[in-house]
Amino acid sequence: QVQLVESGGGLVQPGGSLRLSCAASGFTLDYYAIGWFRQAPGKEREGVSCISSSDGSTYYADSVKGRFTISRDNANNTMYLQMNSLKPEDTAVYYCATAPYGSRCKLDEYDYWGQGTQVTVSS
């Protein structure tokens, strides 16, 4: 079975940091596109950061450039999102996702999804 299990969400003050983790099983993560998406209340789910399956290039949404970093640890079959300098507008449910092929960091490219983890940025 293909499964993604997320962890690392929580409550943090503005300016703080969190690292989200996503452990994969049932497939080898380094062969796939990986991505992090988020959905705030009343808003559509959006791509935050992705790594393309075609050339390994990295995408970041304009709103998180310079603050967030996507990575993967192939030995542990785990992907991460390091979030620094967090802002209240980063508050959302964050989802990890993978796909055999993906290059646009768009929702409809991704086949497998984690359960979501809540990130709340508030003082």
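Overview of the structure. (Residues numbered from 1 in each chain as written. Predicted model: local features only at pLDDT ≥ 70, side-chain atom pairs only at ≥ 80, totals over all residues. Heavy atoms only, no water.)

Considerations on the environment of Val5
Inference 1: Here Val5 lies in strand S1 (residues 3–7).
Inference 2: Judged by relative accessible area, Val5 falls into the partly exposed class, the value being 48%.
Inference 3: Considering only alpha carbons, one finds Val5 and Cys22, 17 residues apart in sequence, at a separation of 5.4 Å.
Inference 4: Setting aside its immediate chain neighbours within four residues, Val5 contacts Ser21, Cys22, Ala23 and Gln115. (Helix = DSSP H or I, 4+ residues; strand = E, 2+ residues; numbered from the N terminus. Buried < 20%, exposed > 50% of the residue type's maximum accessible area, 1.4 Å probe, protein only. Contact = heavy atoms within 4.5 Å.)

What to know about unusual backbone geometry
Inference 1: A positive phi angle is found at Ser85, which is not glycine, with a value near 50°.
Inference 2: Topologically, Ser85 is positioned in the loop between strand S8 (78–83) and strand S9 (92–99).
Inference 3: Its identity as a non-glycine residue notwithstanding, Cys105 has a phi of 55°, on the positive side.
Inference 4: Relative to the elements of secondary structure, Cys105 occurs in the loop between S9 and strand S10 (112–113).
Inference 5: Using a relative accessible area of 6% as the deciding quantity, one classes Cys105 as buried.

A word on the nonpolar core
Inference 1: Counting 28 residues, the largest nonpolar core has Trp36, Phe68, Leu81, Met83 and Tyr94 as its most contacted members.
Inference 2: When contributions to this core are tallied by element, the ones reaching two or more residues are strand S3 (18–25), strand S4 (33–39), strand S5 (46–51), strand S7 (68–73), S8, S9 and strand S11 (117–121).
Inference 3: Among all residues touching Tyr94, those that are not within four sequence positions of it are Glu6, Leu20, Phe37, Arg38, Val48, Phe68, Leu81, Met83, Gly116, Thr117 and Val119.
Inference 4: By size, the runner-up hydrophobic cluster in this structure holds seven residues, among which are Ala33, Cys50, Ala99 and Tyr110. (Core = buried A, V, L, I, M, F, W, Y, C linked by side-chain atoms within 4.5 Å.)

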